[in-house]
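Results of the structural survey
What follows is each chain in one-letter form.
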Amino acid sequence: MAKKVMSSITDEVKTAKYFSVSVDSTPDISHMDQLSFTIRYVLPTTGPVERFLQFIPMLSHTGIDIATTVLDFLKEKNISVLECRGQSYDNASNMSGKYQGTQQIIKNECSEAEYIPCMADSLNLVDTRWSARADAVAALSRAHKENIIVLEEFSSDLNQPAETRAEASGLLKGLKKLETVILLEVWDTVLEIFQSASIQLQKPGISLNTAVTLLESLLQFVKDLRSQFDDFEEKAMAKCDPSDVTGKVAYYADRQSQRIKKRKRHHDELDSVEDVTLTERDMFRVTAFMPIIDKLYAALTQRLAAYSDLREKFGFLSEISNKTNTELKAAAEKLVSSYPNDLEAGLESDLLQFAHLMKSIPRGSSESAPSLGGVKAAQRQSPELEMYKVIPRHDMVETFANVEIVLRLYLCIFVTNCTGERSFSKLKLLKNYLRNTMGQNRLSSLTLLSIEHEKLRVLDFTDVIKQFAILNI
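Residues numbered from 1 in each chain as written. Predicted model: local features only at pLDDT ≥ 70, side-chain atom pairs only at ≥ 80, totals over all residues. Heavy atoms only, no water.

What follows covers the pattern of salt bridges. What the rule picks out here adds up to 23 salt bridges. Close ionic contact of Glu50 with Arg40 constitutes a salt bridge, the shortest N to O distance being 2.7 Å. Residue Glu50 is found in strand 3 (residues 47-58), and its partner Arg40 is found in strand 2 (residues 33-43); the two are separated by ten residues along the sequence. Look at Glu50 and you get buried, because its relative accessible area is 6%. The class of Arg40 is buried, set by a relative accessible area of 3%. The salt bridge partner of Glu233 is Arg281, with a shortest N-O separation of 2.8 Å. Of the two residues, Glu233 is situated in helix 11 (residues 229-239) and Arg281 in helix 12 (residues 280-305); the sequence distance between them amounts to 48 residues. Judged by its relative accessible area of 10%, Glu233 is buried. When its relative accessible area of 24% is taken as the criterion, Arg281 is described as partly exposed. One network of salt bridges, with partners in common, ties together Glu12, Arg51, Glu452 and Lys455. (Salt bridge = Lys/Arg side-chain N within 4 Å of Asp/Glu carboxyl O. Helix = DSSP H or I, 4+ residues; strand = E, 2+ residues; numbered from the N terminus. Buried < 20%, exposed > 50% of the residue type's maximum accessible area, 1.4 Å probe, protein only.)

Written out as structure tokens, the structure reads:
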């Protein structure tokens, strides 16, 4: 059964022609590293689909070994690597390296196989996996008064061990500080937005332009936070006990009595030049608040730069109806030069005509596609997918052959490798401590049947049943 499902998927890949690959690894219960192989391609009827193909045991994690495994697997399934138009991995150096990384080795075999770092992974790695702590920060920030009450009870309860009371007193002292409350407000706001964006980026149906636009909106959101310190301070003041905050603001109350250090003056400096002394409030804003925002902004900017090349090639598609003829001509020239083996020089006139056609078709008029291979409603809202469906629905594939190829090239690109990571959950369910001696073929077959259950249900297994019946078992 698994062989027939695999054969059906590989036949679809060959029919679709263009595809992208994504691999990721995790150890199983027997401590064998399993490489999850996922492929994405575009079907004429349903649009882009992402399919899990197989778990491959790995003994080495070098870029060369992983690339060799990918190339050998494609060759085994009779899938030409020359039709690969995208590859998506995490940001590890063995995968993303420019010289010996997996992506570069595969790109040496097929120059059109563009590398796209996993966008969800890039967001999580904006310095660290802060989004994983969103729930913890939200609970601490939004239940601040309740946490204070509980800690006060523990610190004053003589029935508790001395160590517990001391720890509660220390936590209570830190939680009552205005600086702590302000940082809780900042991180609660940041992580809530980042968590929502991360969930959206992990959807199989998200398109490249949508994902990049989402990251750009995050970048602008972080930039605007620089001027919102007063708002965070006001919210923190409202949560603090009035008896703990006297006057305007009680920043670093335990340091206010310290002697202010004076800078040593050089012989050529004028005595009239006075040193700038910051208040405790400004010191906290400059040394704590601003560096957090600036570091987030710099990390997001760096992550967005990785998608700039593909954005320049395909970014016009989402607003093709609003582009001028000059902009469309420039976009056509760039695409033809980037994909000379796939596109013809007539793309320019095709794009101009297709743009006029899309102006006459209202947005959202395309028929809804059934959910297949994990493709949800998020994809159906993609303007690029709507355009792709317009062409066959009006029987204009031959008229806009070049445009149809451009849309297929764009839609087959992986945005994230979350589909591969989801296969790890199946791996842990199928190969647990009670079945830790399961063979590799059985593991890959059961995982394929479990993940691709929708494909399994529509296939006819009559021939498989007949072959099984004639076996002398």
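Don't stop here, the text continues.
The next point concerns the sheet that holds strand 4 (residues 84-89). Spatially, 3-2-1-4-5 is the arrangement adopted by the five strands of the open sheet, whose pairing is mixed. In this open sheet, the two edge strands, each paired with only one partner strand, are strand 3 and strand 5 (114-117). Ignoring which end each strand starts from, the neighbouring axes of this sheet average 25° apart. As paired elements, strand 1 (residues 19-27) and strand 2 share nine bridges and run antiparallel to each other. Looking across to strand 2, one finds that Ser22 is bridged to Thr38. Sheet strands in contact with helix 1 (residues 2-16) are strand 1, strand 2 and strand 3, and its direction is about 50° off that of strand 2. (Pairing = 2+ DSSP bridges. Axes fitted to C-alpha atoms, helices over the stretch in contact; angles between N-to-C directions. Contact = heavy atoms within 4.5 Å.)

Spanning 14 residues, helix 15 (residues 347-360) covers 20 Å between terminal C-alpha atoms, matching the ideal 20 Å at 1.5 Å per step. Among the residues making up helix 15, those that are buried are Leu347, Asp350, Leu351, Leu352, Phe354, Ala355 and Met358. On its buried face, helix 15 is in contact with helix 14 (325-338), helix 17 (383-393) and helix 18 (401-411). (Expected span 1.5 Å × (residues − 1).)

Counting 73 residues, the largest nonpolar core has Met119, Phe314 and Ile320 as its most contacted members. Residue contributions to this core peak at ten residues, all from helix 9 (residues 178-201). Apart from residues lying up to four places away in sequence, Phe314 is in contact with Asn209, Leu335, Tyr339, Val406, Leu409, Tyr410 and Ile413. (Core = buried A, V, L, I, M, F, W, Y, C linked by side-chain atoms within 4.5 Å.)

Locating Gln200 in the fold gives a position in helix 9. What makes Gln200 partly exposed here is its relative accessible area of 26%. Along the sequence, Gln200 and Ala211 sit eleven residues apart, while their C-alpha atoms lie 8.4 Å from each other.

A pair of packed helices can be characterised by two numbers: the angle between their axes and the separation between those axes. Across the interface, helix 10 (residues 208-225) lies against helix 12 with an axial gap of 9 Å and an inter-helix angle of 160°. Put simply, helix 10 runs roughly antiparallel to helix 12. Here helix 10 and helix 12 pass one another in a crossing that is left-handed. Here Val212, Leu215, Glu216, Leu218, Leu219, Val222, Lys223 and Leu225 of helix 10 lie close against helix 12, whose contacting residues are Phe289, Ile293, Leu296, Tyr297, Leu300, Thr301 and Leu304. Looking at the contact of helix 10 with helix 12 residue by residue, the class counts come to twelve nonpolar, one polar and two charged. (Parallel < 35°, antiparallel > 145°, perpendicular 65-115°, else oblique. Left-handed = near helix turned anticlockwise from the far one by under 90°. Nonpolar A, V, L, I, M, F, W, Y, C, P; charged D, E, K, R; others polar.)

Nothing here speaks to function; it is geometry throughout.
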